[in-house]
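Report on the structure
Spelled out from the first residue to the last, the chains are:
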Amino acid sequence: TWVHFFVRIMMSRNSRYDILFDPVKIGPVTAPNRFYQTPHAIGTGHQMPHIDAAMREVRAEGGWGVVNTGYCSIHPSSDDSPLLPSRLWDDEDVREHALVVDAIHRHDSLAGIELYHGGSSCANKSTRITPISASGVSINSTYPGWISLTQSRSMDHKDIADMRSWYVDAARRAKSAGFDIVYIYAGMSFGPYQFLLPWLNKRTDEYGGSLKNRVRLMREILEDMKEAIGDSCAVAIRFSSDDLLKVKGEKMESEAHEIVSMLSDLPDLWDIKSSDWTVETASARFVGEGAQESWNSFAKSLTSKPVVGVGRFTSPDEMVRQIRNGILDLIGAARPSIADPFLPKKIDEGREDEIRECIGCNICVSCYHDSVPVRCTQNPTAGEEWRKDWHPERIPLGDSKKKVLVVGSGPAGLECSRVLGQRGFSVTLAEKKKELGGRIIRESGLPGLASWIRVRDYRTSLIKTMPNIDIYLDSPISSEDINHSDYDQVVIATGSRWSTDILSDSGYPIPGFQNNRIFTPDQILEGVTLLEPVVIYDFDHYYMGGCLAELLRERHKEITLVTPANAVSAWTSMNNESWRIRSRMIELEIEILLEHYLIGMDESHLQLTSIYNDSQITTIEAGSLIIVGVRIAEDMLYKELVARSEFSERSGLSNIKSIGDCVAPGTIAHAVYSGHEHGRNIDKEASDICYQVERPSLHI
Ligand code: ADP
Ligand code: SF4
């Protein structure tokens, strides 16, 4: 019919993006398009193959032409515990990989694996093997958990021969698991990279000194791997260029240029990135889309093999620009593929408006440090594909006759409404403010957090197209309103507010002081006027304290940030933002006072005490004090409803549910997850809710 024809036209790919769907030959294999999920760990390692397989499978289903798994240790001397790489130490390890490869192949994508030896960056805490490296030089880590108390030893010729054979053995195992692309990882301060850097490689034999010598091991491993598996598998290299772009080459402008030109067409693919994990994964607060161009744009002129790079790409126009301008051949992605496993398919089907764009918050990065399966602010199904049987796009239909009221339109209420709407329920979304979005509206106005508005926009753009969702703005809902309604279910998503509680010296919140010069972040975001000097007391430890300091810097000369922690925004060492936040504070001349508790306030001063010695009192001047610590759940409506409302008596307590921050204040990721979970499970009995657990396999 005409309508169908019209819908098809509307839903077909914009020809502007055709180039993204060109097949790309990578050695003996061919990627079906240019969407390339680069290798990245997802906190599953070798211990959670089912979670890994399901998570990679949805990427393949969503159209990523190449799906790589996470970094894979080739030998017990590369033991990154307590972090969780996968591993190919012996033939027994092949099985888990085969499970993942089969899942990727079910959707005709290529499966890739990144073989890695960490050299001295691995402390081998579990295997207790003395770490090995080019010259026994240890690498300093800025992350305390990574500090090794054991130095590495220099590799002798037997170690080098061993390392070559470990790569070959692992490559053969990767091939037998079914992988199409097998990497050597020569970046990120790992083993072969340590040979490349003159300041880590002090050798005087044929593996040290000249660049030709420092490249020798990498060349040998590439040649060995090509000989072993190159007939049917592509052999790729992942190379960090940024350090060596700064080292002048003998004949070319840098040693990075010389390395790519020396090895040029030996690998079947070049994957080029930064050497520093905190730089590579810079959050959107500090770095925009396509920020790695300065490190990878030089490579294409030096090799005829395809080049891939990342850049938190979510805009198809930017992807096209990267290809048309000869920067990349394949659009690499880790975070955008976590946030939206179906990103390529949406572009292919002309649905780019539906892309669930990564907001660059790095909650996913923190999960890797926690050694737990990845969580994502935008995509609550990430990590739950197998455990909970959650698909990122498909959700089983519910009973369209059931009427559900959702109160509150922050991330929890919006996500719950979206899911319920997609499931076909008849949904009413009521919001007391004049705009949808809850905390997202104000928080995305903080310095650097503009992209966080995507959490709202992705959901509102879908909700507004759903005829079964009615939206009421400017509608504060009371328990009385609900009592007289005919809803089958009520979902309370009324959020939270900041409090002025402070932290006791034992580390728990206690009521703060009564003083009209004390403010909460809510009041600051409403634009309250402050007196100088401004002091922020932060024991929330995430972004709010630092962001407020930045925001207020535009209006106030003197700002001091005080915290009991030993770092500014201390939690952010988990999401790789920590050093950038501190540098920003230094740049903005914001005073920092670490390791102090707030114990008192008078007309013009604050009293602080050292966390190590409570008799050591410091007094600082303060015209206004902002306390960034705990939040209080806005759960009054929920409590009224369950206490003894007509609605609860008529419909039963199980038909009233609170979600998100009004249950327990947390990150936006928690709120989205909570809304999603309830949207999925609203019509399920507890016994029907799927939760599978990985079990260790026992040797028989
Ligand atoms: P969450 O992170 O849990 O989604 P937010 O604080 O972002 O929570 O959002 C809560 C939303 O609920 C806010 O937009 C707020 O205006 C709205 N809200 C709070 N109480 C009511 C109420 N009684 N009726 C309608 N909306 C409400
Ligand atoms: Fe992007 Fe944040 Fe999701 Fe990571 S957690 S993929 S940074 S939206």
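These numbers come from a predicted model, not from an experiment.

1. Side note on the sheet that holds strand β26 (residues 605-610)
- Reading across the sheet, the three strands line up as β25-β26-β27 and stay open at both edges, with antiparallel pairing between neighbours. Whereas interior strands pair on both sides, the edge strands pair on one side only; in this sheet they are β25 (596-601) and β27 (617-621). Going from strand to strand, the sheet's axes swing by 30° on average, the running direction of each strand aside.
- Two strands pair when backbone bridges link them, and β25 and β26 are joined in this way by five bridges, in the antiparallel orientation. Across the sheet, residue Tyr597 finds its bridge partner in β26, namely Thr609.

2. Some details on the sheet that holds strand β22 (residues 534-538)
- In space, the five strands of this open sheet follow the order β21-β28-β22-β23-β24, with parallel pairing throughout. Either end of the sheet is taken by a strand with one partner, and the two such strands are β21 (518-519) and β24 (591-593).
- Its contacts with the sheet place helix α20 (residues 543-553) against β22, β23 (559-562) and β28 (624-628), and it is angled at close to 175° to β23.

3. Quick notes on the confidence of the model for the chain
- Taken over all residues, the pLDDT of the chain has a mean of 94, while the share at 70 or more is 97%.
- Contacts for the low-pLDDT stretch residues 1-6, under 50 throughout, to residues beyond four places or in other chains number zero contacts.

4. Topic: the nonpolar core
- Of all hydrophobic cores here, the largest spans 79 residues; its most connected members are Leu20, Leu115, Val182, Met225, Ile259, Leu263 and Ile347.
- Those residues in contact with Leu263 that lie beyond four places of it in its chain are Val215, Met218, Arg219, Leu222, Ile237 and Trp270.
- Judged by nonpolar contacts, the second largest core, of 38 residues, contains Cys361, Tyr543, Leu552 and Ile668.

5. Concerning the site of ligand 1
- Taken together, 22 residues sit near ligand 1, with Ala412, Glu431, Arg439, Ile477 and Asp661 positioned nearest.
- Between Glu431 and ligand 1, the recorded distance is 2.5 Å, taken from a side-chain N or O atom to an oxygen atom.
- In this structure, Arg439 approaches ligand 1 through a main-chain N or O atom, which is 2.8 Å from an oxygen atom.
- Expressed as a share of its isolated accessible area of 580 Å², the protein-covered part of ligand 1 is 91%.
- With respect to the detected pockets, ligand 1 is housed in the second largest pocket.
- Split by residue class, the shell around ligand 1 holds eight nonpolar, nine polar and five charged.

6. Observations regarding the packing of helix α6 (residues 211-229) against helix α8 (residues 255-263)
- Contact geometry for α6 and α8: axes closest at 11 Å, N-to-C directions at 40°. Of the possible angle classes, the one that applies to α6 and α8 is oblique. Handedness of the crossing formed by α6 with α8: right-handed. Across the interface between the two elements, Leu211, Lys212, Arg214, Val215, Met218, Arg219 and Leu222 of α6 pack against Glu255, Glu258, Ile259, Met262 and Leu263 of α8.
- Looking at the contact of α6 with α8 residue by residue, the classes come out as seven nonpolar, no polar and five charged.

7. Observations regarding the packing of aromatic side chains
- By the definition in use, this model includes 15 aromatic pairs.
- On the numbers, 4.7 Å between centres and 45° between planes, the contact of Tyr71 with Tyr116 is tilted. A residue pair is termed long-range when its members are at least 10 positions apart, and Tyr71 in strand β4 (residues 66-73) and Tyr116 in strand β6 (residues 110-116) qualify at 45 residues.
- The exposure class assigned to Tyr116 is buried, which follows from its relative accessible area of 0%.
- Considering the side-chain rings of Tyr71 and Tyr368, the 6.1 Å spacing of their centres and the 70° angle between planes classify their relative orientation as edge-to-face.

8. What to know about a negative patch on the surface
- Taken together, the side chains of Glu532, Glu558, Glu589, Glu591 and Glu621 define an acidic patch exposed on the protein surface.
- With respect to the helices, strands and loops of the structure, Glu589 is situated in the loop between α21 (578-587) and β24.

9. Concerning the environment of Asp268
- Relative to the elements of secondary structure, Asp268 occurs in the loop between α8 and β11 (269-273).
- Considering only alpha carbons, one finds Asp268 and Gly230, 38 residues apart in sequence, at a separation of 9.2 Å.
- Ignoring anything within four residues of it in the chain, the contact list for Asp268 reads Ile26, Gly27, Pro28, Lys226, Cys233, Ala234, Val235, Lys305 and Pro306.

10. A look at α8
- Taken across its nine residues, α8 has seven buried, putting it largely inside the fold.
- Listing the buried residues of α8 in full gives Glu255, Ala256, His257, Glu258, Ile259, Val260 and Leu263.
- On its buried side, α8 packs onto α5 (191-196), α6, β10 (234-240), α7 (242-245) and β11.
- A distance of 3.2 Å separates the backbone nitrogen of Ala256 from a side-chain oxygen at the start of α8, and that oxygen is part of Ser254.
- Positive phi shows up at Ser264, right after α8, with a value of about 25°.

11. Digging into the pattern of salt bridges
- Applying the stated criterion to the full structure yields 51 salt bridges.
- The salt bridge involving Arg285 is made with Glu550; its shortest N-O contact spans 3.3 Å. Of the two residues, Arg285 sits in the loop between α9 (277-280) and α10 (293-296) while Glu550 sits in helix α20, which places them 265 residues apart along the sequence. Each of the two residues, Arg285 as well as Glu550, counts as buried.
- Bridged by salt links that share partners, the residues Asp340, Lys346, Arg356 and Glu393 form one connected network.

12. Considering the side chain of Arg418
- Examined against the element boundaries, Arg418 turns out to sit in helix α15 (residues 411-422).
- Of the polar contacts made by the side chain of Arg418, one reaches the side chain of Glu415; its length is 3.0 Å.
- Side chain to side chain, Arg418 and Tyr458 meet in a polar contact 3.5 Å long.
- Leaving out residues up to four positions away in the same chain, Arg418 has contacts with Tyr458, Arg459, Leu462, Ile463, Met466 and His676.

13. Here's the deal with the layout of surface pockets
- Quantified by volume, the second largest pocket comes out at close to 890 Å³.
- Lining the second largest pocket are 38 residues, and of these Lys432, Lys433, Thr494, Gly495 and Ser496 sit closest to its centre.
- Elements supplying a minimum of two residues to the lining of the second largest pocket: α15, α16 (439-443), β18 (496-498), α19 (521-525) and α22 (636-644).
- For the lining of the second largest pocket, the leading source of residues is α16, giving four residues.
- Within the lining of the second largest pocket, the residues separate by chemical class into 13 nonpolar, 10 polar and 15 charged.

14. Focus on the site of ligand 2
- In the neighbourhood of ligand 2, the contacting residues comprise Arg335, Ile338, Ala339, Cys358, Ile359, Gly360, Cys361, Asn362, Ile363, Cys364, Cys376 and Thr377.
- Here the shell around ligand 2 gets three residues from one element, more than from any other, and that element is helix α12 (residues 335-339).
- Looking at side-chain class alone, the shell around ligand 2 contains eight nonpolar, three polar and one charged residues.

15. Examining helix α3 (residues 94-105)
- The end-to-end C-alpha distance of α3 is 16 Å, a good match for the 16 Å that 12 residues give at a rise of 1.5 Å each.
- Residues of α3 that are buried in the fold lie against α2 (49-61), β4, β5 (86-87), β6 and α4 (157-177).

Cut-offs and rules
- Residues numbered from 1 in each chain as written.
- Chains lettered and ligands numbered in written order.
- Predicted model: local features only at pLDDT ≥ 70, side-chain atom pairs only at ≥ 80, totals over all residues.
- Heavy atoms only, no water.
- Pairing = 2+ DSSP bridges.
- Helix = DSSP H or I, 4+ residues; strand = E, 2+ residues; numbered from the N terminus.
- Axes fitted to C-alpha atoms, helices over the stretch in contact; angles between N-to-C directions.
- Contact = heavy atoms within 4.5 Å.
- pLDDT = per-residue confidence, 0-100.
- Core = buried A, V, L, I, M, F, W, Y, C linked by side-chain atoms within 4.5 Å.
- Buried < 20%, exposed > 50% of the residue type's maximum accessible area, 1.4 Å probe, protein only.
- Near = heavy atom within 4 Å.
- Polar contact = N/O pair within 3.5 Å; in protein donor to acceptor, adjacent residues only side chain to side chain.
- Areas by Shrake-Rupley, 256 points an atom, 1.4 Å probe, with all protein chains shown as cover.
- 1 Å grid on protein atoms, 1.4 Å probe; cavity = no way out; pocket = protein on both sides within 12 Å on 5 of 7 lines; lining within 4 Å.
- Sits in = over half its atoms within 2 Å of the grid points.
- Nonpolar A, V, L, I, M, F, W, Y, C, P; charged D, E, K, R; others polar.
- Parallel < 35°, antiparallel > 145°, perpendicular 65-115°, else oblique.
- Left-handed = near helix turned anticlockwise from the far one by under 90°.
- Phe/Tyr/Trp six-rings, centres within 6.5 Å; stacked < 30°, edge-to-face > 60°.
- Patch = residues over 30% accessible without salt bridge, like charges linked within 9 Å, V, L, I, M, F, W, Y side chains within 5 Å.
- Salt bridge = Lys/Arg side-chain N within 4 Å of Asp/Glu carboxyl O.
- Lys, Arg positive; Asp, Glu negative; His and termini not counted.
- Charge placed at Lys NZ, Arg CZ, Asp CG, Glu CD.
- Points joined across faces, edges and corners; volume = space filled by probe spheres on them.
- Expected span 1.5 Å × (residues − 1).

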